[in-house]
Amino acid sequence: MMRTRFAPSPNGALHLGHAYAAMCAHDLARQIGGAFLLRIEDIDGVRSRPDLVEAIFADLSWLGLTWDGAVLFQSTRLPAYDAALAELKARGLLYPCFCTRSQIAAAGAQPGPEGLVYPGTCRALGEDERAHRVALEPHAWRLDMAGAIAQTGPLVWHDMQAGDQAARPELFGDVVLARKDAPASYHLAVTLDDAHQQISHVVRGADLFAATHVHRLLQALFSLPAPVYNHHRLLAGADGRKLAKSEGAAALASLREAGADGLALLEILRKPLLPSGISWAEPSYTSP
Ligand code: GLU
């Protein structure tokens, strides 16, 4: 059976782009009698807010989008993330990293798909120094990307928009899997949870297209099935730039509270022609 999901992070108000993402995942599943699931990505303890979780439920109800089964909160999944991290440590694929952002920049790191590619400084530390510093200093845990790729070999994944893709996780370098300030990184949590929820089709915005290279690698490392991906195009504002929480895109909650009709709004988004003030951002199905 087809199973899709919407996986918002409660760290800001949902905007029209989220309504579109949720609708794409919902409609893909519902059109063929599949299931649509909801997951709240709330492991960013500093930025996640319970009132925003309530707003997500209210926004989705207002839009007429109903989900199947219980909501999965990532904050209940910490033991699963810990177990996965322990497994990678035992396989020699994870190492502690003590570097700050400025140290990474100063080490001559090059830009990658999601910020600077880690130059591998802490990979070279000896066991004794690692053990000593882990006990004393804040640290993240990074994947030894070359070692991981050596274990999985070449991988492919499929996107419903862009077709078959050769996985290129090496573009990301030694990604962080457990953060200094959070028990698991986005990449680790999303990969494990999509498998846990038996998601067959991951529907999400094209801004996460490149991240799928890392997710495919993690699936292979943990012998998890590879879902099909559908990275949909993104909505842009009047300035042509994609809608973003950080840019103060109009919140669904404001429209809802102002008495707008959520069902009518979704009907508009279902049509290819968008109202004035909103456009499609240029789709980007390439990995930088
Ligand atoms: N939680 C992520 C976000 O709100 C989405 C994760 C995903 O769909 O893979 O941007």
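Here the structure is a predicted model, which means the values were calculated and not measured.

### Digging into the packing of aromatic side chains
(1) Moving on: Tallied over the full model, the rule gives four aromatic pairs.
(2) Moving on: Residue placement shows Lys-89 over the ring face of Trp-141; its charged tip is 3.9 Å from the ring centre.
(3) Moving on: Above the face of the Trp-280 ring, Arg-233 is positioned so that its terminal group lies 3.8 Å from the ring centre.

### Here we look at the site of the ligand
(1) Moving on: Neighbouring the ligand are the residues Arg-5, Ala-7, Pro-8, Ser-9, Glu-41, Tyr-186, Val-190, Arg-204 and Leu-208.
(2) Moving on: Within the side chain of Arg-5, a nitrogen or oxygen atom sits 2.6 Å from an oxygen atom of the ligand.
(3) Moving on: One of the side-chain nitrogen or oxygen atoms of Ser-9 is found 2.9 Å away from a nitrogen atom of the ligand.
(4) Moving on: Taking 300 Å² as the accessible area of the ligand by itself, protein coverage stands at 79%.
(5) Moving on: Among the residues forming the shell around the ligand, the class breakdown is five nonpolar, one polar and three charged.

### Here's the deal with the pattern of salt bridges
(1) Moving on: Considering all chains together, one arrives at 20 salt bridges under this definition.
(2) Moving on: Arg-179 serves as the salt-bridge partner of Asp-44, at 3.7 Å between the closest nitrogen and oxygen. Remark: Arg-179 occurs in the loop between β10 (176-178) and α7 (186-196) and Asp-44 occurs in the loop between β2 (35-40) and α2 (50-63); sequence separation between them is 135 residues.
(3) Moving on: According to the relative accessible area criterion, Arg-179 is partly exposed, its value standing at 29%.
(4) Moving on: With a closest N to O distance of 2.8 Å, Glu-87 and Arg-91 form a salt bridge.
(5) Moving on: With a relative accessible area of 30%, Arg-91 lands in the partly exposed category.
(6) Moving on: In the salt-bridge network here, residues are joined through shared partners; they are Arg-5, Arg-39, Glu-41, Arg-77, Asp-193 and Asp-194.

### Side note on the sheet that holds β10
(1) Moving on: Across the sheet, three strands lie side by side as β4-β7-β10; this open sheet has antiparallel pairing. Only two strands of the sheet have a single neighbouring strand rather than two, namely β4 (94-97) and β10. Across the sheet, the mean angle from the axis of one strand to that of its neighbour is 45°, orientation sign disregarded.
(2) Moving on: Both β4 and strand β7 (residues 140-143) contribute to a ladder of four bridges, which runs antiparallel. For Pro-96, the partnering residue across the bridge sits in β7 and is Trp-141.

### Digging into the side chain of Gln-197
(1) Moving on: Relative to the helices and strands, Gln-197 resides in the loop between α7 and β11 (201-205).
(2) Moving on: Apart from residues lying up to four places away in sequence, Gln-197 is in contact with Arg-3, Leu-37, Leu-38, Arg-39 and Leu-72.

### Quick notes on the pairing of strand β12 (residues 228-232)
(1) Moving on: Across the five residues of β12, four count as buried, placing the element largely inside the fold.
(2) Moving on: Note: β11 against β12, five bridges, orientation parallel. Among the inter-strand pairings, Val-203 is bridged to a residue of β12, identified as Asn-230.
(3) Moving on: For the handedness criterion, the β-α-β arrangement of β11, helix α8 (residues 211-221) and β12 is classed as right-handed.

### Section: the sheet that holds β2
(1) Moving on: Overall, parallel pairing links the three strands, which are arranged β1-β2-β3 in an open sheet. Across the chains shown, the open sheet's two edge strands, defined by having one partner strand only, are β1 (3-6) and β3 (72-73).
(2) Moving on: Where β1 meets β2, four bridges bridge the pair, whose relative direction is parallel. Following the sheet pairing, Phe-6 is matched in β2 by Leu-38.
(3) Moving on: Strand contacts of helix α1 (residues 16-31): β1 and β2, with the helix running at about 165° to β1, the strand carrying the most contacts.

### Quick notes on the state of the cysteines
(1) Moving on: Scanning the entire structure with this criterion turns up zero disulfides.
(2) Moving on: Cys-99 takes part in no disulfide bond, and the closest cysteine sulfur, belonging to Cys-122, lies 3.7 Å away.
(3) Moving on: Classification of Cys-122 by relative accessible area gives buried; the value is 4%.

Parameters at a glance
- Residues numbered from 1 in each chain as written.
- Predicted model: local features only at pLDDT ≥ 70, side-chain atom pairs only at ≥ 80, totals over all residues.
- Heavy atoms only, no water.
- Phe/Tyr/Trp six-rings, centres within 6.5 Å; stacked < 30°, edge-to-face > 60°.
- Lys NZ or Arg CZ within 6 Å of the ring centre and 35° of its normal.
- Near = heavy atom within 4 Å.
- Polar contact = N/O pair within 3.5 Å; in protein donor to acceptor, adjacent residues only side chain to side chain.
- Areas by Shrake-Rupley, 256 points an atom, 1.4 Å probe, with all protein chains shown as cover.
- Nonpolar A, V, L, I, M, F, W, Y, C, P; charged D, E, K, R; others polar.
- Salt bridge = Lys/Arg side-chain N within 4 Å of Asp/Glu carboxyl O.
- Helix = DSSP H or I, 4+ residues; strand = E, 2+ residues; numbered from the N terminus.
- Buried < 20%, exposed > 50% of the residue type's maximum accessible area, 1.4 Å probe, protein only.
- Pairing = 2+ DSSP bridges.
- Axes fitted to C-alpha atoms, helices over the stretch in contact; angles between N-to-C directions.
- Contact = heavy atoms within 4.5 Å.
- Right-handed = clockwise from strand over helix to strand, strands pointing away.
- Disulfide = S-S within 2.5 Å.

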